[in-house]
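Listed below are the residues making up each chain.
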Amino acid sequence: MSGRIAVVGAGMAAARLAQQLAERGRGDEVTLYGVEPHRPYNRTLLADVLTGRLDAAAVTLPCGAPGTAVRTGCEVLGLDVRSRTLTLAGGGQAGYDELVLATGANPVLPPIRGLRTADGGLKAGVHAFRSLVDCARLAEGAARASRAVVIGGGVLGVSAARALAAVGLPTEIVHQAPYLIERHLDEGAGGALRGALEALGVHTYPGNRARALDGDLRVTGVRLATGYVLDADLVVLACGVRPRTGLAHTAGIPVRDGVVVDDRLATGAPHVFAIGDCAEHAGVTHGLAGPAWDQADVLAARLCGAGPDTVYQGSRPLVRLTAGPLEYAAFGETGEADGTDVLRVADATRGPYGSYKKLVLRGDRLVGGILLGDLATVGDLTRAYERDEALPEDPLHLLTTEGAA
């Protein structure tokens, strides 16, 4: 393939694609169109920006060759797949030969009474936490706040709560599921994580639903479904994300939860591909950096002609947080399905907040695992998982520091 490659989106998936294309000699043919005012950056490090440990420049990602065009603050409003034309905010147009949708995802705003003001905006003191702009606003708000509540106890919510506590703000988490990060952890790990957060000064309310926000123009509290009210003058919404598919849908490209792609990462429109948080492959939208990069690597190989037969066959994602004394990693199947064996080790004396480790095995293969509080063996474990290698007869040593390479 040759010609102009337009990438709608300038996030982590787009940056990885541009960099891979540049390394294969096609960087000068690539243009990224990003809504945000910043160049592509590592979204997984936003909590470290919030605490001041990193600044915005430190999380900026490389994105192609010197000739790669990155158009920040440039929203794509329309797509005509027949004429291969993009309509840009302000009325301009741009053509392409190959188009990649890397539009990412929008934060989900929960159906909570009192979330918005009469003009439709978020009530003062209420913040999303998805971008560097959100991060700057949240840092400014946290400097003036006295108590914070994070609604949502998934990966992002836990990360945000830990960061707010680190800057000295009393913080609580309200989470509808019975334990934290239920998509990736089990009940034991979720309980251990709750204890670690408590030790950091973050109180959690699992199995609770936020019903309403108190206050007229500014939030003053979060009212739970039980009727109990948590005082708060700062609220962070961390209720998950939804693939951003409006552009594809309007253009007539098939969409389910995400933009539907095949093993070539091609959509239902000619010369249009999709990767990252907006893409749905084999019924799955990942919403994680690892799979987005896997997809970018496959598509770069195809677009540059170096790997015309390369296909995407899914990912084995790793979810990881390392934030000072609080760290965890989870991958693969973390439940206890029929046909699996489980090894579990808990040590309340390990590290500052104890540790919890679990391996899920199917025969002699590692199919999932959780590490909380001690990640010394995570490299060995994830390599065995990703390579689908046979494990030794006694895999217990893989859970001990002595087993680490």
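Everything discussed here concerns the structure shown above.
In this text, all values refer to a predicted model and were calculated from it rather than measured experimentally.

Caption draft 1: Seen up close, the overall build of the chain. Within the chain, the secondary structure is distributed over 8 helices and 25 strands. Taken over C-alpha atoms, the radius of gyration comes to 22 Å for the chain, in line with the 22 Å a tight globule of 405 residues would show. Counting only C-alpha atoms and orienting by the principal axes, one finds that the chain spans roughly 65 × 60 × 35 Å. In the chain, which comprises 405 residues, the proportion classed as buried is 50%. Here the contacts in the chain between residues at least 6 apart in sequence split such that 61% fall between residues at least 24 apart.

Caption draft 2: Broad picture of the sheet that holds strand S6 (residues 93-95). Here 3 strands make up an open sheet; going across it, the order is S4-S5-S6 and the pairing antiparallel. With one partner strand each, in any of the chains shown, strand S4 (76-80) and S6 form the two edges of the open sheet. Strand-to-strand twist in this sheet, taken as the mean axis angle between neighbours without regard to direction, amounts to 25°. Note that strand S5 (residues 85-88) and S6 share 3 bridges and pair antiparallel. Considered in S6, the bridge of Thr85 is made with Gly95.

Caption draft 3: Representation of helix H4 (residues 155-166) within the structure. End to end, H4 covers 17 Å across 12 residues, agreeing with the expected 16 Å (1.5 Å per residue, within 8%). Buried residues dominate H4, accounting for 9 of its 12 residues.

Caption draft 4: Summary view of the packing of aromatic side chains. Overall, the coordinates contain 2 aromatic pairs when judged by the stated rule. A centroid spacing of 6.5 Å and a plane angle of 35° characterise the contact between Tyr205 and Tyr228, whose relative ring orientation is tilted. In this pair, Tyr205 is assigned in strand S12 (residues 202-206) and Tyr228 in the loop between strand S14 (221-224) and strand S15 (229-231), connecting sequence segments 23 residues apart. On the accessibility criterion, Tyr228 (47% relative accessible area) is partly exposed. With a centroid separation of 4.9 Å and 45° between ring planes, the pair formed by Phe331 and Tyr385 is classed as tilted. Taken as a pair, Phe331 in strand S22 (residues 326-332) and Tyr385 in helix H8 (residues 378-387) lie far apart in primary sequence, 54 residues in all. In this pair, the class of Phe331 matches that of Tyr385, namely buried. Sitting above the plane of the Tyr385 ring, Arg316 keeps its charged end 4.8 Å from the centroid.

Caption draft 5: Just the state of the cysteines, in detail. Counted under the stated rule, the structure contains 0 disulfides. Cys63 takes part in no disulfide bond, and the closest cysteine sulfur to it belongs to Cys74, at a distance of 15 Å. A relative accessible area of 5% means that Cys63 is categorised as buried. A disulfide-free cysteine, Cys135 has its sulfur positioned 18 Å from the sulfur of Cys239, the nearest such atom. Judged by its relative accessible area of 2%, Cys135 is buried.

Caption draft 6: Inspection of the environment of Pro395 at higher detail. Take Pro395: it is sitting in the segment after H8. Assessed through its relative accessible area of 9%, Pro395 is described here as buried. As for Pro395 and Leu359, which are separated by 36 residues in sequence, their C-alpha atoms are 9.0 Å apart. What Pro395 contacts, discounting residues up to four positions off in sequence, is Leu343, Leu359 and Leu361.

Caption draft 7: Broad picture of the pattern of salt bridges. The full count for this structure, using the stated rule, is 20 salt bridges. A salt bridge links Asp364 to Arg365, with the nearest nitrogen and oxygen atoms 3.1 Å apart. Within the structure, one salt-bridge network assembled from shared partners comprises Asp186, Glu336, Arg344 and Lys358.

Caption draft 8: Structural detail: the pairing of strand S24 (residues 355-362). Judged by how many residues are buried, S24 sits mostly within the fold: 7 of 8 residues are covered. Here strand S23 (residues 341-347) pairs with S24 via 7 bridges, running antiparallel. Residue pairing in the sheet places Leu343 in a bridge with Leu359 of S24. The pairing of S24 with strand S25 (residues 365-372) spans 7 bridges and is classified as antiparallel. Its bridge partner being in S25, Leu361 is matched across the sheet by Leu366. Counting the residues between successive antiparallel strands, the hairpin from S24 to S25 contains 2 residues, one of them, Gly363, with a positive phi of roughly 65°.

Caption draft 9: Region of the structure containing the environment of Val150. As for its placement among the helices and strands, Val150 is situated in strand S10 (residues 148-151). Each C-alpha atom, one on Val150 and one on Leu237, is 6.1 Å from the other, the two residues being 87 residues apart in sequence. Those residues in contact with Val150, other than ones at most four positions away along the chain, are Gly157, Ala161, Leu164, Thr171, Glu172, Ile173, Val174, Val236 and Ala238.

Cut-offs and rules
Residues numbered from 1 in each chain as written. Predicted model: local features only at pLDDT ≥ 70, side-chain atom pairs only at ≥ 80, totals over all residues. Heavy atoms only, no water. Helix = DSSP H or I, 4+ residues; strand = E, 2+ residues; numbered from the N terminus. Rg over C-alpha atoms; globule rule 2.2 N^0.38 Å. Buried < 20%, exposed > 50% of the residue type's maximum accessible area, 1.4 Å probe, protein only. Contact = heavy atoms within 4.5 Å. Pairing = 2+ DSSP bridges. Axes fitted to C-alpha atoms, helices over the stretch in contact; angles between N-to-C directions. Expected span 1.5 Å × (residues − 1). Phe/Tyr/Trp six-rings, centres within 6.5 Å; stacked < 30°, edge-to-face > 60°. Lys NZ or Arg CZ within 6 Å of the ring centre and 35° of its normal. Disulfide = S-S within 2.5 Å. Salt bridge = Lys/Arg side-chain N within 4 Å of Asp/Glu carboxyl O.

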